Amino acid sequence: MKPSRPQQLFRKTVTMQPENQSSPVRWITDWMTPDGLWYRRNHYNYPASKVDGLQVVGAVRCPLTLSCEDIRSRPAKSVVSVMECAGNRRTLFRPRVYGVPWNEGAISQAEWTGVPLRDLLQEAGICSTAREVVCWGIDGEGKDKGPFARSLPLGKSLHPDTLVAYAQNGRLLSPEHGAPLRLIVPGWYAMASVKWLSRIEVVTEQFQGYYQKEDYHYYPFPHSDEGKRPVTVLRVNSLIRYPHDFSVLKTGHHRVEGLAWTGKGVIRRVEVSVDRGEHWHRARLQQRPWDHPYAWVQWSWNWKDLQPGKYEIWSRAADTAGRMQPLRAKWNRKGYGYNAVCRSRVQVE
Ligand SMILES: Nc1nc2c(c(=O)[nH]1)N[C@H]1C(S)=C(S)[C@@H](COP(=O)(O)O)O[C@H]1N2
Ligand SMILES: [Mo]
């Protein structure tokens, strides 16, 4: 029997109002996530008004008001970068934590095109008293927690790969992903990549916005705020795409496949174990990590002569910054940065 229409992948709804949808990452074989399958993460409903340009203000010598055409006519830069929500795989923490219950799909990848934030800041001229750069979205204006806004340290703001982006995979940004302009901060968890960017404000003191000061911190203890640290750089991480957790396989050969990514250095190696970590086998990387340092790497390992039984497949990535996925992720109250070794349990018969 022939299916009546082509088989199709879909996003999965995690919450409605605001809309949070996860990406079917396991089934996507493209290196770049197709536009319609991108995860969506929103703290508020979509903004009612439209952003029609960008202001660069605050501790600068010459404030700028730029139209989108203005920005699009400048020398452009493109960067391939994975975007991962800090709450990705939150549901795996034990004890369990509250927050949008993401499984593995709060992650996607695109090629972003825009203007380096640095170019705009240099044109405006940063004053010597400057400390951070606040990026303002317009969603949530008038709400208690204020519009979504995040600050970046000067160093990361002036990094040539931090972009004010207007295109995703070669097409203008869609409304859901921040049109007309969004920030792209490669190598950082995605809360830094502010959508519906309307204003860039250079400030001389630490920004105190809710999403900067309260949210997006690792809180190591359940009942006290002691030791809180801001969420910034992506941890080294991997995902097994095939075989799926709790699947039943036939004996013979199987190709174990997955993804690996990091925010510091690049992926150095990925290893697979099928005996709960006793032996590790080196996986083959499909991309050369240095070609696109912020991108995920597709990997595979051939599992030969499978015999009947129950197995756990584990994947573990290591990066050139000397980091490796731990067996247990560091628990934190808001459930950020889960990066324990990825497990897929299978039965072979
Ligand atoms: N203005 C604005 N920007 C935002 C957010 C938001 O709610 N509002 N969410 C952030 C978070 S937490 C994530 S994970 C990413 C999600 O981007 P996406 O919806 O394009 O996948 O956007 C970031 N930028
Ligand atoms: Mo996020």
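Residues numbered from 1 in each chain as written. Chains lettered and ligands numbered in written order. Predicted model: local features only at pLDDT ≥ 70, side-chain atom pairs only at ≥ 80, totals over all residues. Heavy atoms only, no water.

### A few points about unusual backbone geometry
- Backbone torsion omega between Gln-17 and Pro-18 reads 0°, so that peptide bond is classified as cis.
- In this structure, the amide linkage connecting Tyr-242 to the following residue, Pro-243, adopts the cis form with an omega of -5°.
- The residue Pro-243 is located in the loop between strand 15 (237-242) and strand 16 (247-249) in this model.
- At Arg-89, a residue that is not glycine, the phi angle is positive and equals roughly 65°.
- A relative accessible area of 6% places Arg-89 in the buried class.
- Although it is not a glycine, Tyr-216 adopts a positive phi angle of roughly 55°.
- Residue Tyr-216 is classed as buried on the basis of its relative accessible area, which comes to 4%. (Helix = DSSP H or I, 4+ residues; strand = E, 2+ residues; numbered from the N terminus. Buried < 20%, exposed > 50% of the residue type's maximum accessible area, 1.4 Å probe, protein only.)

### Regarding the environment of Ala-179
- For Ala-179, the location among the structural elements is in the loop between strand 10 (171-172) and strand 11 (182-184).
- Sequence spacing of Ala-179 and Asp-52 is 127 residues, and the spatial spacing of their C-alpha atoms is 9.6 Å.
- Excluding its chain neighbours within four sequence positions, the residues that come into contact with Ala-179 are Leu-173, Ser-174 and Trp-196. (Contact = heavy atoms within 4.5 Å.)

### Brief notes about the UniProt feature "domain: Oxidoreductase molybdopterin-binding" (unreviewed entry) in the protein chain
- UniProt feature "domain: Oxidoreductase molybdopterin-binding" (unreviewed entry): in the numbering of this structure it lies at residues 54-211.
- Secondary structure content for residues 54-211 is 12% helix and 34% strand, and the end C-alpha separation is 21 Å. (UniProt positions renumbered as here; feature names shortened; annotations may be inferred.)

### Description of the side chain of His-217
- Tracing the sequence through the fold places His-217 in strand 13 (residues 217-218).
- Residue His-217 is classed as buried on the basis of its relative accessible area, which comes to 8%.
- Reaching out from His-217, the side chain makes a polar contact with the backbone oxygen of Asp-215 at a distance of 3.1 Å. (Polar contact = N/O pair within 3.5 Å; in protein donor to acceptor, adjacent residues only side chain to side chain.)

### So, the pattern of salt bridges
- For the structure shown, the criterion picks out 18 salt bridges.
- When the shortest N-O distance is used, the salt bridge between Asp-215 and Lys-334 registers 2.8 Å. Here Asp-215, found in the loop between helix 4 (210-213) and strand 13, pairs with Lys-334, found in the loop between strand 22 (309-319) and strand 23 (342-348); they are 119 residues apart in sequence, far enough to count as distant.
- Of the residues examined, Asp-215 reaches a relative accessible area of 9% and is grouped as buried.
- Here Arg-333 makes a salt bridge to Asp-225, at a shortest N to O gap of 2.8 Å. Placement of Arg-333 in the loop between strand 22 and strand 23 and of Asp-225 in the loop between strand 13 and strand 14 (229-230) is noted, with a sequence separation of 108 residues between them.
- Overall, the relative accessible area of 24% leaves Arg-333 in the partly exposed class. (Salt bridge = Lys/Arg side-chain N within 4 Å of Asp/Glu carboxyl O.)

### Details of the environment of Ile-267
- The topology assignment puts Ile-267 in strand 18 (residues 267-273).
- By relative accessible area, which is 5% here, Ile-267 ends up buried.
- A sequence separation of 186 residues divides Ile-267 from Ser-81, and the C-alpha atoms of the two residues are 13 Å apart.
- In this view, Ile-267 contacts Val-236, Ala-260, Trp-261, Thr-262, Leu-285, Pro-289, Val-297, Ala-317, Ala-318 and Asp-319; residues no more than four positions away in its chain are not counted.

### Quick notes on the site of ligand 1
- In the neighbourhood of ligand 1, 19 residues make up the surrounding shell, with His-43, Asp-139, His-177, Arg-182 and Lys-195 lying closest.
- Here an oxygen atom of ligand 1 sits 2.6 Å away from a polar atom, N or O, in the side chain of His-177.
- Contact between ligand 1 and Lys-195: an oxygen atom at 2.6 Å from a side-chain N or O atom of the residue.
- Counted by class, the shell around ligand 1 contains 10 nonpolar, four polar and five charged residues. (Near = heavy atom within 4 Å. Nonpolar A, V, L, I, M, F, W, Y, C, P; charged D, E, K, R; others polar.)

### Quick look at the pairing of strand 18
- For strand 18, the buried fraction is high: six of the seven residues fall into the buried class.
- Two strands pair when backbone bridges link them, and strand 18 and strand 22 are joined in this way by six bridges, in the antiparallel orientation. Opposite Glu-271, over in strand 22, you have Arg-316 as the bridge partner.
- Direction of pairing for strand 18 relative to strand 19 (residues 281-282): antiparallel, over a ladder of two bridges. Each residue of the ladder has a partner; that of Glu-271, found in strand 19, is Arg-282. (Pairing = 2+ DSSP bridges.)

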